[in-house]
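Observations on the three-dimensional arrangement
Spelled out, the chains give:
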Amino acid sequence: MIGRARTNLRAEIEDQYEILSFLVSDISSHYQEQVDDVEEKVAEFKKVNANEDYEIVSSELRNFYAASEICDSRCVQSRQILFCAIFAYYETMLNRIIVSYNIRPCNQRDAKSMVEGICKFFLDKYHSSLEIENLVFINEYCRLLRNHFMHGFLSDESKRKALCNYSERFGGTTYYSDIYYEIVDNSFLVKVLKTVLEILTTLDDALCEQRNE
């Protein structure tokens, strides 16, 4: 909505988005830089010591590889933590929308239920459907991935299979036997965060426009 004044709700949505954007670019990039730095040192060491004694070179390389594993683990874990923080932001802002626009009744069990409740409320009250893009990506794929990270494992076999299928469809993660998942790189976090913002602002814009008519 062009020229719209920023409400308290909109301020929360936009400001928390900016904070999370900074964290994604700063924290996860920091650990990726550490991984890249160790890999460069390994390559340089191998080049300089190509003709040295094998045992000595192997011993030193083990130290590099140990450091590399630590950096790589921190890089993976930082992405996982940030992803869960982004999804928590999504759920929190959906709750804010429900309270701000007095949307009743609404099942607030999870993000998927909240969006469905908001869309039903909008249709019932304003006799118009909300057109929201990328709901399957966020409310199905990302929701299952968040649950996997939070609980360590999806106990329901059908949900594990669904998560594997979504991973192959949307990308951004790699998995091993539907048990262990890794976020491939920061671009996936950026995509998730931008998509969440688009969904939240679409809902807020539509509800605000109807309320102000």
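So, a few notes on the structure that sits alongside this text. This is a predicted model, so every value here is computed, not measured.

How each quantity is defined
Residues numbered from 1 in each chain as written. Predicted model: local features only at pLDDT ≥ 70, side-chain atom pairs only at ≥ 80, totals over all residues. Heavy atoms only, no water. Helix = DSSP H or I, 4+ residues; strand = E, 2+ residues; numbered from the N terminus. Contact = heavy atoms within 4.5 Å. Polar contact = N/O pair within 3.5 Å; in protein donor to acceptor, adjacent residues only side chain to side chain. Axes fitted to C-alpha atoms, helices over the stretch in contact; angles between N-to-C directions. Parallel < 35°, antiparallel > 145°, perpendicular 65-115°, else oblique. Left-handed = near helix turned anticlockwise from the far one by under 90°. Nonpolar A, V, L, I, M, F, W, Y, C, P; charged D, E, K, R; others polar. 1 Å grid on protein atoms, 1.4 Å probe; cavity = no way out; pocket = protein on both sides within 12 Å on 5 of 7 lines; lining within 4 Å. Points joined across faces, edges and corners; volume = space filled by probe spheres on them.

1. Things to note about the environment of Tyr 175
Structurally, the position occupied by Tyr 175 is in strand S1 (residues 173-176). On a C-alpha basis, the gap between Tyr 175 and Leu 163 in space is 9.8 Å, while along the polypeptide they are 12 residues apart. Discounting residues that sit within four places of it in the chain, Tyr 175 has contacts with Cys 164, Ser 167, Glu 168, Tyr 180 and Tyr 181. A polar contact is formed between the side chain of Tyr 175 and the side chain of Glu 168, at a distance of 2.5 Å.

2. So, the packing of helix H3 (residues 111-126) against helix H6 (residues 186-212)
As a packed pair, H3 and H6 sit with axes 12 Å apart at the nearest point and diverge in direction by 25°. With respect to their mutual orientation, H3 and H6 come out roughly parallel. The interaxial crossing formed by H3 with H6 has left-handed handedness. For the pair H3 and H6, contact is made by Ile 118, Phe 121, Phe 122 and Tyr 126 and by Leu 203, Ala 206, Leu 207, Gln 210 and Arg 211, respectively. Considered class by class, the residues forming the contact of H3 with H6 number seven nonpolar, one polar and one charged.

3. Examining empty space enclosed by the protein
Going through the model one piece at a time under the given rule, you end up with one cavity of 30 Å³ or more. Estimates place the volume of the largest cavity at around 40 Å³. Contributions of two or more residues to the lining of the largest cavity are made by helix H2 (54-100) and strand S2 (180-183). Residues belonging to the lining of the largest cavity are distributed by class as follows: four nonpolar, one polar and two charged.

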